[in-house]
Amino acid sequence: MESDAVPGSIRPGGRTARVREAVLQAAGDLLAERGFAHLDLTEVAARAEVGKTTAYRRWRNATGLVTDLLVDMAEQSLPHADTGSLLGDLTANARLVAKTLTDPRQGKLFQAVIAAATCDETAAAALRRFYDIRLTEWTPCIEAAITRGEIPSNTDARAVLTAVSAPLYYRLLASGDPIDDTAARTAAAAAATAASAGIFTARPKAPHSA
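I will try to describe carefully the structure that is included in this document. Just so you know, these numbers come straight off a predicted model, no measurement behind them.

Moving on, we get to the overall build of the protein chain. A tally of regular secondary structure across the protein chain gives nine helices and zero strands. For the protein chain, the α and β elements follow one another from N to C terminus as α-α-α-α-α-α-α-α-α. Counting only C-alpha atoms, the protein chain reaches 55 × 45 × 35 Å along its principal axes. Evaluated residue by residue, the protein chain yields a buried proportion of 42% over its 210 residues. Contacts spanning at least 24 positions in sequence make up 68% of the contacts within the protein chain whose residues lie at least 6 apart. Summed over its atoms, the accessible surface of the protein chain is roughly 11200 Å², and 54% of this surface lies on carbon and sulfur atoms. Separation of charge centres in the protein chain, based on 23 positive and 24 negative side chains, amounts to 2 Å.

It is worth spelling out the pattern of salt bridges at this point. Counted by the stated rule, this structure contains eleven salt bridges. Ionic pairing is found between Arg20 and Asp68, a salt bridge with its closest N-O pair at 2.8 Å. Here Arg20, found in helix H1 (residues 14-34), pairs with Asp68, found in helix H4 (residues 62-76); they are 48 residues apart in sequence, far enough to count as distant. The class of Asp68 is buried, set by a relative accessible area of 0%. Note that Asp132 is salt-bridged to Arg158, the shortest N-O span being 2.8 Å. In this pair, Asp132 is assigned in helix H7 (residues 121-148) and Arg158 in helix H8 (residues 157-175), connecting sequence segments 26 residues apart. Assessed through its relative accessible area of 36%, Asp132 is described here as partly exposed. For Arg158, a relative accessible area of 33% gives the class partly exposed. Salt bridges linked by common partners bring Arg20, Arg58, Asp68 and Asp72 together as one network.

So, on to the layout of surface pockets. The volume enclosed by the largest pocket comes to roughly 690 Å³. If you trace the largest pocket, you find 27 residues lining it, with Ser77, Thr100, Phe110, Phe130 and Arg134 closest to the centre. Elements supplying a minimum of two residues to the lining of the largest pocket: H4, helix H5 (86-102), helix H6 (104-117), H7 and H8. No other element matches H5, which puts six residues into the lining of the largest pocket. The residue makeup of the lining of the largest pocket, split by class, is 14 nonpolar, eight polar and five charged.

Proteins that are soluble and globular tend to have nonpolar side chains buried together. The biggest cluster of nonpolar side chains holds 65 residues, and the ones touching the most others in it are Leu31 and Leu90. The greatest single-element share of this core, amounting to ten residues, is contributed by H7. In contact with Leu31, other than residues within four places in its own chain, are Phe36, Leu39, Val66, Leu69, Leu109, Ala112 and Val113.

A few words on the packing of aromatic side chains. For the coordinates displayed, the defined rule picks out four aromatic pairs. Here a set of aromatic residues connected by ring pairs shows up, and it is made of Phe110, Phe130, Tyr131 and Tyr169. Across from the ring centre of Trp59, 5.0 Å away, lies the NZ or CZ of Arg58, which sits over that ring.

Thresholds applied
Residues numbered from 1 in each chain as written. Predicted model: local features only at pLDDT ≥ 70, side-chain atom pairs only at ≥ 80, totals over all residues. Heavy atoms only, no water. Helix = DSSP H or I, 4+ residues; strand = E, 2+ residues; numbered from the N terminus. Buried < 20%, exposed > 50% of the residue type's maximum accessible area, 1.4 Å probe, protein only. Contact = heavy atoms within 4.5 Å. Areas by Shrake-Rupley, 256 points an atom, 1.4 Å probe, with all protein chains shown as cover. Lys, Arg positive; Asp, Glu negative; His and termini not counted. Charge placed at Lys NZ, Arg CZ, Asp CG, Glu CD. Salt bridge = Lys/Arg side-chain N within 4 Å of Asp/Glu carboxyl O. 1 Å grid on protein atoms, 1.4 Å probe; cavity = no way out; pocket = protein on both sides within 12 Å on 5 of 7 lines; lining within 4 Å. Points joined across faces, edges and corners; volume = space filled by probe spheres on them. Nonpolar A, V, L, I, M, F, W, Y, C, P; charged D, E, K, R; others polar. Core = buried A, V, L, I, M, F, W, Y, C linked by side-chain atoms within 4.5 Å. Phe/Tyr/Trp six-rings, centres within 6.5 Å; stacked < 30°, edge-to-face > 60°. Lys NZ or Arg CZ within 6 Å of the ring centre and 35° of its normal.

Shape descriptors only; they carry no functional weight alone.
Encoded structure:
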């Protein structure tokens with residue numbers, strides 16, 4: 001009986017894990033080469049040397065592949081830093097984002113996935129899940145900064161981390177400006193300064209008027 005599990009929600013082992021690794025590698029390569037619009041499950045299976053029936057049974061379609069690929073990328077990414085300071089941790093985060101976005105394969109892959117997410121809700125949900133995993137991984141850096149007294153206790157961790165990566169993604173997707181170490185350090189410093197000033201504190205909701 002065919003499983004109704006969402007692609008990427010089951011962690012396989014043994015031969016199944018090797019098949020998944022080969023298929024996701026092939027899918028990532030094709031995404032980087034041609035974009036989401038030309039991602040074909042049959043071609044992915046052929047490149048991965050996996051049976052077409054196996055590929056369709058496990059991933060169902062191109063969006064299923066993208067979902068699983070993003071889950072794998074999030075889980076394989078480096079853990080959060082622990083440098084002893086907010087600026088140090090955010091700089092490490094910014095450099096990791098910059099390294100990913102400037103990688104010849106990963107940068108193009110992200111562009112393809114983001115493009116897919118603008119017109120496909122399944123791809124958009126997969127992309128949101130990817131960032132949820134990564135933001136959760138780096139949240140302890142903000143919590144540690146709160147404990148050290150560097151930033152207010154009600155600082156929104158996700159808002160700070162988003163402020164670090166947003167300028168780098170803007171360069172990738174809009175301006176075309178270089179994503180270099182200067183850009184990474186500037187993004188980290190700006191986010192750290194804003195966080196210290198209380199810009200990212202969670203504010204209570206205003207009461208409803210009678």
